[in-house]
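# An overview of the molecular structure
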Amino acid sequence: MSERTPAPSYVRTPSAAFLRSLAVDRPLARYDLAGSVAHVEMLGSAGLLSAAEVASLVGGLRQIAREIAGGTFPWRDDLEDVHTNVEVRLTELVGPVGGKVHTARSRNDQVALDERLFLRAAVASVGASLADLSAALLVRAAGALEVPMPGYTHLQRAQPITVGHWLLAHFWRFERDLDRLLATARRADVSPLGAGALAGSTLPIDPARVAARLGFSAAFENSLDAVSDRDPLAELLFDLALAGVHASALGEEIVLFASKEFGFVARTPALGSGSSQMPQKRNPDVAELVRGKAGRQIGDLVALLSTLKGLPLAYDRDLQEDKAPVLDSLTTATDVLGALAPLVAALEFDGVRLAEAAQDPELYATDAAERRAAAGVPFREAHAEVARTLGTTDPASPPDPLAAVALRSAPGGPAPATVRQQLAHARTRLAAHRDSLSSLARKVELVEDLLNEGPR
Ligand code: ARG
């Protein structure tokens, strides 16, 4: 074909460049194509397309999928968005019947569908990264159940814990992040296709059939809600921002622990790079960047919520602004989690410095008060009594941190035997999440199946 197909009239505007979303919606292409295959099949079964038309449209859509994967798809900037690029190319490939793909459909329900399929794949992928980081924390924790360290409140030495207990505290934060992501995917498991521009269609379409073909648990209940609901993306951005905040807190502790002041973690090359000026420097750059990146993820969440605030029903073009923050936060999450897991795996704890710090007698002041409380002294009195004698400990009999930590065997505490149980629970939770991720990955595969199946 030598002549370029002219852009459809609805995209030929003076401010085309301003309206364009192609840069941010190209990542939706495969989901867009799979959604169109399911839609076309449904139109066929509803008698709105002949079997020959279905075969030709589905063949064209699959050919486009191959062109995009192979890098030969003729992307056109003058065509506003991914949906129009696909439809124009489809018509070039299969002729005027290409114009039937958009029967009983609007870009409004189409983009909402694409985003839900995209979200499913995003959760599967970033969820797997979270699971890998969680697994790295478990491995390190298992090896450090009997390595005492000071625990802190207000960043002041408080009570004795172990490195294993500390690592598991970070594990549980990420475990909840993974749980939240999976819940977000579950709530997003509703197909909006068939809602049309805002009020469905006069044609006898079957949204439930499309939903089932794409692996959704249900089709939408309300067409106005279906085209305007961006809750899944807002939830995703919150989940990612909170995971980023959790990562930043771990990053901060690694930065602190790798300082000469703490010295709990060796300053190995795995932490980062050197200084261009100061020959002695080895900086914890990886942990610092992990700490810093959470800022933009919070910004991405705020950006989307601000866009959504006050929007009238149903579709508004403002919604096009939903994609950039989602892509940014996802890339950031993938980078952060991908950097943090190997960093955790490579941390070298300095047993000597940790032991020294864990022998600080002040860490055991609460234990002394609790010994008195166990003997019947009201705790308030015991507290005051120990406070008076602080600093008078006999340097000849330093505290035994491991023995002290073993006494902290109340549920959820740092005693090695208790942490062993915690570790078992953690492994069970992580395995359950991995199962949920595999089920999700099977749903993600449905998109590929729709694009790869032979002509039906
Ligand atoms: N690019 C648009 C978006 O991302 C697709 C839907 C456009 N709908 C419309 N009526 N212009 O939201």
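Residues numbered from 1 in each chain as written. Predicted model: local features only at pLDDT ≥ 70, side-chain atom pairs only at ≥ 80, totals over all residues. Heavy atoms only, no water.

### Re the site of the ligand
For the record, the criterion: The criterion for a residue being near a molecule or strand is simple. One of its heavy atoms has to lie within 4 Å of it. Each polar contact in these results corresponds to two N or O atoms within 3.5 Å; when the atoms are within protein, one needs to be able to donate a hydrogen and the other to accept it, and residues that are neighboring in sequence are counted only if both atoms are side-chain atoms. Here the accessible surface of atoms and residues is derived via Shrake-Rupley with a 1.4 Å probe, and residues count as covered only by protein chains that are part of the display. Under the scheme used here, helices are H or I runs from DSSP no shorter than 4 residues and strands are E runs no shorter than 2 residues, and both carry numbers assigned from the N terminus.
Inspection of the region around the ligand gives Ser-21, Asp-81, His-83, Arg-107, Asn-108, Val-111, Tyr-315, Arg-317, Gln-320 and Lys-323 as its neighbouring residues. The side chain of Ser-21 places a nitrogen or oxygen atom 3.1 Å from a nitrogen atom of the ligand. Within the side chain of Asn-108, an N or O atom sits 2.9 Å from a nitrogen atom of the ligand. With the chains in place, 87% of the 340 Å² that the ligand exposes on its own is no longer accessible. Ranked by the residues each element gives to the shell around the ligand, the list is headed by helix α6 (residues 107-142), at three residues.

### So, the nonpolar core
The cut-off we apply is this: Here, the term nonpolar core denotes a set of buried Ala, Val, Leu, Ile, Met, Phe, Trp, Tyr and Cys residues that are joined through side-chain atoms within 4.5 Å. Burial classes follow relative accessibility: with a 1.4 Å probe on protein chains only, a residue under 20% of its type's maximum area counts as buried, one over 50% as exposed, and anything between as partly exposed. What makes two residues a contact is simply this: any of their non-hydrogen atoms within 4.5 Å.
Formed by 106 residues in total, the largest nonpolar core has its most connected members in Leu-214 and Leu-340. Sorting elements by how many residues they give to this core places α6 first, with 17 residues. Residues in contact with Leu-340, not counting those within four places in the same chain, are Leu-133, Phe-174, Ala-247, Leu-250, Ile-254 and Val-290.

### Describing a positive patch on the surface
Our working rule: Two joining distances apply to patches: 9 Å for like charges and 5 Å for nonpolar side chains (Val, Leu, Ile, Met, Phe, Trp, Tyr), and every residue must have over 30% relative accessible area and no salt bridge. Any Lys or Arg side-chain nitrogen located within 4 Å of an Asp or Glu carboxyl oxygen qualifies as a salt bridge. Residues scored as positive are Lys and Arg, those scored as negative are Asp and Glu, and His as well as the terminal groups of each chain are ignored. Every charge is mapped to an atom, namely NZ of Lys, CZ of Arg, CG of Asp or CD of Glu.
Together, Lys-260, Arg-267, Lys-281 and Arg-282 give the surface a local cluster of positive charge. Tracing the backbone through its elements, the reader meets Lys-260 in the loop between α10 (231-257) and α11 (285-308). For Lys-260, a relative accessible area of 65% translates into the label exposed.

### Concerning a nonpolar patch on the surface
A cluster of nonpolar side chains, namely Leu-198, Leu-224 and Leu-313, defines an oily patch on the protein surface of about 270 Å² accessible area. In this fold, Leu-224 is placed in helix α9 (residues 223-228).

### Let's talk about α6
In an α-helix there are 3.6 residues to a turn, and that puts residues three or four apart on one side. Keep this limit in mind: Expected helix span is given by 1.5 Å per residue-to-residue step, counting one fewer step than there are residues.
The end-to-end C-alpha separation of α6 is 51 Å, in line with the 52 Å expected for 36 residues at 1.5 Å each. Among the 36 residues in α6, 28 count as buried, and that is most of the element. For α6, the capping residue at the N-terminal end is Ser-106, with a side-chain oxygen 2.8 Å from the backbone nitrogen of Asn-108.

### Points about the environment of Asp-335
Checked against the element boundaries, Asp-335 lands in helix α12 (residues 323-346). Exposure remark for Asp-335: the relative accessible area of 43% places this residue in the partly exposed category. Sequence spacing of Asp-335 and Lys-293 is 42 residues, and the spatial spacing of their C-alpha atoms is 9.4 Å.

### A closer look at the pairing of strand β1 (residues 148-153)
The side chains of a regular strand alternate, residue by residue, between the two faces of the sheet. Under the convention used in this document: Here, any two strands with at least 2 DSSP bridges between them count as paired.
Direction of pairing for β1 relative to strand β2 (residues 156-162): antiparallel, over a ladder of six bridges. Considered in β2, the bridge of Tyr-152 is made with Arg-157. Where β1 hands over to β2, the hairpin turn is made up of two residues, of which His-154 adopts a positive phi near 55°.

### As for the pattern of salt bridges
Inspection of the entire model under this criterion finds 31 salt bridges. The shortest N-O distance in the salt bridge between Arg-317 and Glu-80 comes to 3.0 Å. Of this pair, Arg-317 sits in the loop between α11 and α12 while Glu-80 sits in the loop between α4 (51-70) and α5 (82-94); the two residues are 237 residues apart in sequence, bridging distant segments of the chain. Lys-323 is the partner of Asp-322 in a salt bridge, and the nearest nitrogen-oxygen pair spans 3.0 Å.

### What about the side chain of Asp-367?
Relative to the helices and strands, Asp-367 resides in helix α14 (residues 365-374). Within the local environment of Asp-367, its side chain forms a polar contact with the side chain of Arg-408, the two groups lying 2.8 Å apart. Those residues within four positions of Asp-367 in sequence are excluded, and the remaining contacts are Ala-404 and Arg-408.

### Brief notes about the packing of aromatic side chains
Put simply, the rule reads: Two aromatic rings from Phe, Tyr or Trp, using only the six-membered ring of Trp, form a pair when their centres are within 6.5 Å; if the ring planes differ by under 30 degrees the pair is stacked, by over 60 it is edge-to-face, and anything between is tilted. Geometrically, a lysine NZ or arginine CZ counts as sitting over a ring once it is within 6 Å of the ring centre and also within 35 degrees of the ring normal.
Enumeration over the complete set of coordinates arrives at nine aromatic pairs. Between the aromatic rings of Trp-166 and Phe-257, the centroid separation amounts to 5.2 Å while the plane-to-plane angle is 50°, which identifies the pairing as tilted. In this pair, Trp-166 is assigned in helix α7 (residues 163-187) and Phe-257 in helix α10, connecting sequence segments 91 residues apart. Taken as a pair, Trp-166 and Phe-257 share a single burial class, namely buried. Taken together, a centroid distance of 5.2 Å and an interplanar angle of 55° make the contact between Phe-257 and Phe-264 tilted. Overall, the relative accessible area of 2% leaves Phe-257 in the buried class. Residue class for Phe-264 comes out buried when judged on its relative accessible area of 2%. Taken together, the aromatic side chains of Tyr-152, Trp-166, Phe-257, Phe-262, Phe-264 and Phe-349 make up a single cluster linked through ring pairs. The aromatic ring of Phe-216 is capped on one face by Arg-120, whose charged end is 4.7 Å from the ring centroid.

Everything listed is a geometric property; what it means functionally is a separate question.
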